[in-house]
Every structure is written in C-alpha cells, then in structure tokens.
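Summary of the model geometry
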Amino acid sequence: MTPETRVAVITGAASGIGRALAVHYAHRGVHSVIGTFPGDPHDPEETLRLVTDAGGQGVVHEVDVRSTPSVDAFAERALAEYGRLDYAVANAGILRNSPLGEMTDERWEDMLDVDLTGVLRTLRAGSARMTGGGAMVAVSSIAGGVYGWEEHAHYAAAKAGVLGLIRSVAAELGPRGIRANAVIPGLIETPQSLDPVNSLGPDGLQRAGLEIPWGRVGRPEEVASVIGFLTSEDASYVTGQSLIVDGGLTIKMRA
Ligand code: NAD
C-alpha cells in the first residue's frame, strides 16, 4: 500500500460484471474486497486468481446483501485488511421471472430485498466508512432504468428505484466528498443473462445481439470499465448520474 492506493468493496464479485470489475481495479492498483454469496455456485477464488495474475491485491469475503450485519461486516473488512475504504460498488443482483398474476408479496419482497434494499445497505455501509471522500456506483438495468419488461415487474421496479436512490444519496453525500452514480447495463453476457428461465439464455442473447446497433451483446468488462471510470478521479465532477452501457440498444427506433 502507498498513500495513493485505493480500496474498493464490490458485492457479487464472484462472477459476471463484479468479477470483471475486480480485475479492472487490479490493473489500476486498486485493492478489492471481493464479495461472494455462498448460496450461488460461482467461484470467488477464480476472481482472486485473476486479480493476482493482473498484479493486484484482493480478499474474498462472504456477504449476503439481504442482511445489514453481513453488509456492515463486509465494508468493515476493507478497514481491517487495508485500513481504508474509497469505493463501494453495489453490483449484486438477482433476476427472476414472474407474471403479475403470480407475483406474490413474497416474490416481490425477495426481489426488492436484494436488488433495491441490498443496494441501500451497501451504499450506507460503504459511505459510513469513507473518511477521506470516496465514490460509489450502483448497478441498475435498462429493464426498469429505461424500459418496462413483461413478467419482470419486481426487477424493473427495483432497478428504477436504484436511480432515485442514487440521486438522493449523491445529493446528501456531496458535501462529504463522496460521489454516487449508477450504470444502466443493456444486455451483457453473464451467468444472469445466460439463464434461459429467468432471462434470455444463450440463444436469446445471440438473437438479441443482432438487433443491437453495435451488433452484439456486451461483455462484463465493458460495464466494469465504465464503473471504474465513474469511481476514478477522471469522473471527479460527475455525481448523481446514470450512464447507459448498452451498445446503442435503447437508442434504436423500431418501426
Ligand atoms: P451475475 O449473476 O454473474 O452476478 C450477480 C452476482 O450477485 C452473483 O455473483 C451473485 O452470487 C450475487 N448475489 C446474488 N444474490 C446475492 C445476495 N443476496 N447477496 C450478495 N450477493 C448476491 O450477473 P451480472 O450480470 O454480472 O449481474 C451484476 C449486476 O448487473 C446485477 O445487479 C444485475 O441485475 C445487473 N445487470 C445485468 C445485466 C446483464 O445483462 N447481465 C443487465 C442489466 C443489469
């Protein structure tokens, strides 16, 4: 560690966008607390291996964003391990398919507990431990952040809620030198979107890619680099914003 070394906590970093972000940070000398959810089959050690191979440093920490004590302990790990916390990235999320008629209160609440309240818990725990300013990013989605999505009302509501949350947090924490922004990914090839039951699956992604102006779905690294930009000093005057990362998916007019 040098005085310039920055430290990040990333939820959901054992796979997909979160894993790519830990690697992005490793290349830039940012140490990561790699959040992993034991209920999922992802391998956090693979993230750590990629971080180490990139010349970076990180530690794996189990966190369930549905639990405030768990998220608080996660953010605290940054202080215990590295003595500081600069960036908090609320990336963890779940996606479930549910027609409105089958949307029980339990399904609704389970979704919001992870995808909206989980973001609040992460931003709250992270900002409480940032003593020298900092930056936070929450991961929304074009589903909710831009579009509606049939049979995914709970997911879309949570992801839209993230945008209001981030604006409010940004307004509140600006005076403390803490910025807060959101990314709004389009279709990104990760375990979440490769799930054919709750999302598009491999064939659906392939077809959808042909409709995207950029000609394909996105890679996790292409969202991670934008999150990295938003937490970096290059974005020192950007706060309360939401940046769409979708290869032009949402700007294409359909006849
Ligand atoms: P992913 O499934 O690989 O990543 C999600 C991560 O969240 C997983 O590692 C999972 O273990 C973790 N997680 C789930 N429940 C958790 C809990 N209770 N506590 C802690 N961690 C938990 O998929 P991804 O696409 O990399 O997802 C990252 C974020 O991007 C999510 O918020 C997702 O909704 C969002 N997103 C993804 C896409 C896409 O096309 N892949 C599009 C828009 C938004």
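Look above for the structure.
Anyway, here's the lowdown on the structure attached to this text. (Residues numbered from 1 in each chain as written. Predicted model: local features only at pLDDT ≥ 70, side-chain atom pairs only at ≥ 80, totals over all residues. Heavy atoms only, no water.)

What follows covers the overall build of the chain. Along the backbone of the chain there are nine helices and seven strands. For a compact globule of 255 residues, the expected C-alpha radius of gyration is about 18 Å, and the chain comes in at 17 Å, within 12% of that figure. Reported as C-alpha extents along the three principal axes, the dimensions of the chain are approximately 55 × 35 × 35 Å. Counting the 255 residues in the chain, one finds 52% classified as buried. For the chain, restricting intrachain contacts to residue pairs at least 6 apart in sequence, the fraction spanning at least 24 positions comes to 75%. Surface summary for the chain: the accessible area is close to 11800 Å², and the carbon and sulfur share equals 53%. Averaged over its 21 positive side-chain charges, the chain has a centre that lies 5 Å from the centre of its 31 negative ones. (Helix = DSSP H or I, 4+ residues; strand = E, 2+ residues; numbered from the N terminus. Rg over C-alpha atoms; globule rule 2.2 N^0.38 Å. Buried < 20%, exposed > 50% of the residue type's maximum accessible area, 1.4 Å probe, protein only. Contact = heavy atoms within 4.5 Å. Areas by Shrake-Rupley, 256 points an atom, 1.4 Å probe, with all protein chains shown as cover. Lys, Arg positive; Asp, Glu negative; His and termini not counted. Charge placed at Lys NZ, Arg CZ, Asp CG, Glu CD.)

Attention now goes to the site of the ligand. Near the ligand, the surroundings consist of 28 residues, among which Ser15, Ile17, Asp40, Asn91 and Thr190 are the closest. Between the ligand and Asn91, the relevant distance is 2.8 Å, taken from an oxygen atom to a main-chain nitrogen or oxygen of the residue. Here Thr190 contributes a side-chain N or O atom positioned 2.6 Å from an oxygen atom of the ligand. Contact with the protein chains covers 96% of the free accessible surface of the ligand, which is 810 Å². Residues of the shell around the ligand, tallied by class, amount to 12 nonpolar, 12 polar and four charged. (Near = heavy atom within 4 Å. Polar contact = N/O pair within 3.5 Å; in protein donor to acceptor, adjacent residues only side chain to side chain. Nonpolar A, V, L, I, M, F, W, Y, C, P; charged D, E, K, R; others polar.)

Here is the key point about a regular strand: its side chains alternate between the two faces of the sheet. Residues Val7 and Val9 of strand S1 (residues 7-10) are buried on one face, and the alternating residues Ala8 and Ile10, pointing to the opposite face, are buried as well. Two elements, S1 and strand S2 (residues 31-36), share four bridges in a ladder whose sense is parallel. Of the residues in S2, the one forming a bridge with Val7 is His31. Pairing of S1 with strand S4 (residues 87-90), which is carried by three bridges, proceeds in the parallel orientation. Bridge assignment links Ala8 to a residue of S4, and that residue is Tyr87. (Pairing = 2+ DSSP bridges.)

According to the stated counting rule, one finds two aromatic pairs in the structure shown. A centroid spacing of 6.4 Å and a plane angle of 75 degrees characterise the contact between Trp149 and Tyr155, whose relative ring orientation is edge-to-face. Its relative accessible area of 25% is what places Trp149 among the partly exposed residues. A residue is classified by how much of its surface remains accessible, and Tyr155, at 5% relative accessible area, is buried. (Phe/Tyr/Trp six-rings, centres within 6.5 Å; stacked < 30°, edge-to-face > 60°.)

Okay, the side chain of His154 next. With respect to the helices and strands, the residue His154 is situated in helix H7 (residues 153-173). In this structure, His154 is in contact with Arg96, Ser98, Met103, Arg107, Trp108, Met111 and Leu112, ignoring residues within four places of it in sequence.

When helix H4 (residues 105-115) is considered as a whole, its buried residues turn out to be Met111, Leu112, Val114 and Asp115. All buried residues of H4 fall inside an arc of 165 degrees around its axis, so they share one side. For H4, exposure combined with an orientation more than 90 degrees from the buried face picks out Asp105, Glu106 and Glu109. In this fold, the buried residues of H4 make contact with helix H5 (117-128) and H7. (Arc of directions from axis to C-beta.)

Remember that the coordinates give geometry; whether it matters functionally is a separate question.
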